[in-house]
Amino acid sequence: MAHLTDGTLRRKFDEPDSLTESENRHYSACAECQSRYATLADDARVVAGALAVPAINVDVASALSRVRSAPAQPRFGIRLPIYRPTSRPVMGMLAAATVVFALVVTAVAQGVFFQPQTVQVVPVSVADLQSLSGLGDFGTFAWTTKPTPQLVASATEAATVSGLHVPAATVPSTVTANTSYAAMPAAVGKFTFDAAKAQAAAAKAGKTLPKMPAGMDGSTLTVTVGPAVIEIYGNLGAGAGTDASQLTLPQLVVGASSAPVVTSSGVSTQEFENYMLSLPGVSPKLAAAIRAVKDPSTTLPIPIPIEYATPTNVTVQDVTGVAVGDNTGLGAGVIWIKGGTVYGVAGTLKQDAILEIANGLK
Amino acid sequence: MGANFEVASTAGRRNGAVTSNEESFEALFSAEYGRVTGIANRVLADPYEAEDVAQEVFVDFNRLHSATAPYAAAWLYRAAAHKALNRVRGRRRREKRELSQAADESSHTMDPQQMLEVNEDRRSVRQALARLAPKPATVLVLRASGLSYAEVAQALGVGIGQIGTLLRRAEAALRKEVIHGASN
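Residues numbered from 1 in each chain as written. Chains lettered and ligands numbered in written order. Predicted model: local features only at pLDDT ≥ 70, side-chain atom pairs only at ≥ 80, totals over all residues.

**Here we look at the overall build of chain A**
Then step 1. When its secondary structure is counted, chain A shows 11 helices and 14 strands.
Then step 2. Residues counted as buried form 35% of the 362 residues belonging to chain A.
Then step 3. At a minimum sequence separation of 6, the contacts of chain A that also span at least 24 residues come to 72%. (Helix = DSSP H or I, 4+ residues; strand = E, 2+ residues; numbered from the N terminus. Buried ≥ 20, exposed ≤ 12 C-beta atoms within 10 Å, placed from the backbone. Contact = placed C-beta atoms within 7 Å.)

**What to know about the interface of chain A and chain B**
Then step 1. Counting from both sides, the interface comprises 43 residues of chain A and, opposite them, 52 residues of chain B.
Then step 2. Of all elements in the fold, only α1 (6-14), α3 (31-50) and α4 (60-68) of chain A reach the threshold of two or more residues within the side of chain A that touches chain B.
Then step 3. When residues of the side of chain A that touches chain B are assigned to their parent elements, the largest contribution, nine residues, is made by α3(A).
Then step 4. Looking at the side of chain A that touches chain B residue by residue, the classes come out as 21 nonpolar, 15 polar and seven charged. (Nonpolar A, V, L, I, M, F, W, Y, C, P; charged D, E, K, R; others polar.)

**Notes on helix α6 (residues 122-131) of chain B**
Then step 1. Within the sequence span of α6(B), burial applies to B:R122, B:V125, B:R126, B:A128 and B:L129. Around the axis of α6(B), the buried residues are gathered within 160° of arc, so they sit on the same side. (Arc of directions from axis to C-beta.)

**Some points on the pairing of strand β7 (residues 228-233) of chain A**
All names here are of chain A.
Then step 1. For β7, the tally of buried residues reaches five of six residues, placing the bulk of the element in the interior.
Then step 2. One ladder, built from six bridges, connects β7 with strand β8 (residues 252-258); its direction is antiparallel. Counterpart to I230 in the pairing with β8 is G255. (Pairing = 2+ DSSP bridges.)

**Considering the packing of helix α3 (residues 72-90) of chain B against helix α8 (residues 149-156) of chain B**
All names here are of chain B.
Then step 1. In contact at an axis separation of 8 Å, α3 and α8 are set at 80° when each is read in the N-to-C sense. Classed by the angle they form, the pair α3 and α8 counts as roughly perpendicular. Between α3, through A74, Y77 and R78, and α8, the contact on the second element is made entirely by Q154, A155 and L156.
Then step 2. For the contact of α3 with α8, the per-class residue count stands at four nonpolar, one polar and one charged. (Axes fitted to C-alpha atoms, helices over the stretch in contact; angles between N-to-C directions. Parallel < 35°, antiparallel > 145°, perpendicular 65-115°, else oblique.)

**Side note on the packing of α4(A) against helix α2 (residues 47-64) of chain B**
The geometry of a pair of packed helices is captured by two quantities: the angle between their axes and the separation between those axes.
Then step 1. Remark: α4(A) packs on α2(B), axes separated minimally by 10 Å, with the N-to-C direction vectors making an angle of 50°. Classified by the interaxial angle, the pair formed by α4(A) and α2(B) is oblique. Both α4(A) and α2(B) take part in a crossing whose hand is right-handed. Contacts between α4(A) and α2(B) involve A:A63, A:R66 and A:V67 from the first element and B:E51, B:Q55, B:F58 and B:V59 from the second.
Then step 2. Taken together, the residues of the contact of α4(A) with α2(B) break down into four nonpolar, one polar and two charged. (Left-handed = near helix turned anticlockwise from the far one by under 90°.)

**Examining the pairing of β8(A)**
Then step 1. As defined by bridge partners, β8(A) adjoins strand β14 (residues 341-347) of chain A across seven bridges and the pair is classed as antiparallel. Residue pairing across strands places A:V254 opposite A:V345, the latter belonging to β14(A).

**A look at the nonpolar core**
All names here are of chain B.
Then step 1. In this structure, A40, Y77, A80 and L140 are the most contacted members of the largest nonpolar core, which totals 93 residues.
Then step 2. Considering each element in turn, this core owes the most residues, 10 residues, to α3.
Then step 3. Non-local contacts of A40, meaning those with residues more than four positions away in its chain, are made with A50, V53, A54, A80 and A84. (Core = buried A, V, L, I, M, F, W, Y, C linked by C-beta atoms within 7 Å.)

**Quick notes on unusual backbone geometry**
All names here are of chain A.
Then step 1. For Q317, which is not a glycine, the phi torsion comes out positive at approximately 55°.
Then step 2. The exposure class assigned to Q317 is partly exposed, which follows from the 15 C-beta atoms found within 10 Å.
Then step 3. For D318, which is not glycine, the phi torsion reads 70° and is therefore positive.
Then step 4. Within the element layout of this structure, D318 appears in the loop between β11 (309-316) and β12 (319-326).
Then step 5. Judged by local crowding, D318 falls into the exposed class, with 8 C-beta atoms found within 10 Å.

**Brief notes about the environment of A:A159**
All names here are of chain A.
Then step 1. As for its placement among the helices and strands, A159 is situated in helix α7 (residues 155-162).
Then step 2. On the basis of neighbour counts, which here come to 17 C-beta atoms within 10 Å, the residue A159 falls in the partly exposed class.
Then step 3. Along the chain, A159 and Y181 lie 22 residues apart, while their C-alpha atoms are 9.8 Å from each other.
Then step 4. The contacts of A159, once residues within four sequence positions are left out, are L164, H165 and V166.

**What to know about the environment of A:S162**
Residues and elements named next belong to chain A.
Then step 1. Along the chain, S162 turns up in helix α7.
Then step 2. Separated by 96 residues in the primary sequence, S162 and S258 place their C-alpha atoms 9.8 Å from one another.
Then step 3. With residues near it in sequence (within four places) discarded, S162 still touches A183, M184, P185, P227, A228 and V229.

**Examining the confidence of the model for chain A**
Residues and elements named next belong to chain A.
Then step 1. Per-chain confidence: chain A averages 72 in pLDDT, with 66% of residues scoring 70 or above.
Then step 2. Confidence drops under a pLDDT of 50 for residues 72-113, and excluding neighbours within four residues, the segment shows 79 contacts in the predicted structure.
Then step 3. This model gives residues 237-248 a pLDDT under 50, and the stretch forms 23 contacts once residues within four places in sequence are excluded. (pLDDT = per-residue confidence, 0-100.)

Right under this line is the structure:
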């Protein structure tokens, strides 16, 4: 019979009766297994001694009362920066990016699902982003199923919360082994266009909007995002780690999310696209870039601020992805879609290293 | 439909669901607080900070999960180990207290020769532990805290058959890390 494994021998140290009869016979006759056992038993004893601590007595009732009086915290284990009121520039960028996103995805036929299978860059300038109105200027947005991102203790729990397979990454030795996981079930939001609100916001900004096409006022976009999982390499703050104000930039982030699904109602595709592209904030260059997206129903547009990042098309996991190398050399990222899932890897590493991690995801 | 659900949950809360949740949490707390604190203390070697960590773990758990969740204990054990390891990684201010405690107890809980072979300084052992990858560090802490192979496996989300191998590797790695740390 083959030699006993280290795991079997180690268990024998804790539970001497754990060996089967044949394992016992082999062990009794095998000098090599006995020698390995002696070595690992010595390690086990030394480590047990090194980790020994005096027993402590706890006052459970007092501890419970301290926990009960802990200040109320938000329901989510983590408050993402985008939800913080102080992150207005980020919120503005997000709103602008959402408009670009909406410009493209709503080019699908009325009521048809948007189910992207590939990604494509839509280059935008900072001026584009600044001149675009926030989505809130065109109507109202409300979550019907709120996003509930939460920090979880393990990949297993992340998989339970999200229902997704958590991609396993092989990372270089320079990346910290300190990992955290966040997960989010699917969230659904509904945006309802409001012609009066759009006109009022434009008038306040001294602009004149083209008239909304008939049927657009009151029509809705229903957007489903997630579920999603994120694996974060790096410290999320030395304290409780649940307060966004304590977050430090992670070294590497690996994420997976079901591709977003969008349905639209009440307005024809052509009318809507024409209207959105004729808005005062949309430059002819941006409009041309959006119109250049070949198949909007299956393409996820990635708005990239061209002053800050250089996008390149890359092959990752045998599909086309978009890689961004930060021109400052401070970081890189790649995003791709495979099998209905959007994957992303980003971090403060060179683009080659990011691509290697992306290609090695399992 | 969303509105109906909201009404139903509000009614549930008013009719005693809160009491029931609080009772479940209290039962969980009473059953597991000692063990969770013990796990944190195993890493920190500081009873006061260990209680701090344990209470944070319960607050986090209560915010995110139901006390009746089948994975409650496993979640608490693992979170206690992780949070305590993170504290060791982030802080170095326990040196003096640890050194005095180590001197006080080594005479009756450890073989002096073995202790010499690893390191006489408990602080360096904890820092070596915190330098290990999360999984081996956690398996060592949980097993040293008296969890069975089955409980450690559940907390780590791995099969029970892997625990012996993980322990073996983690012990070898810790011993190496301590020696490496001491030689630097």
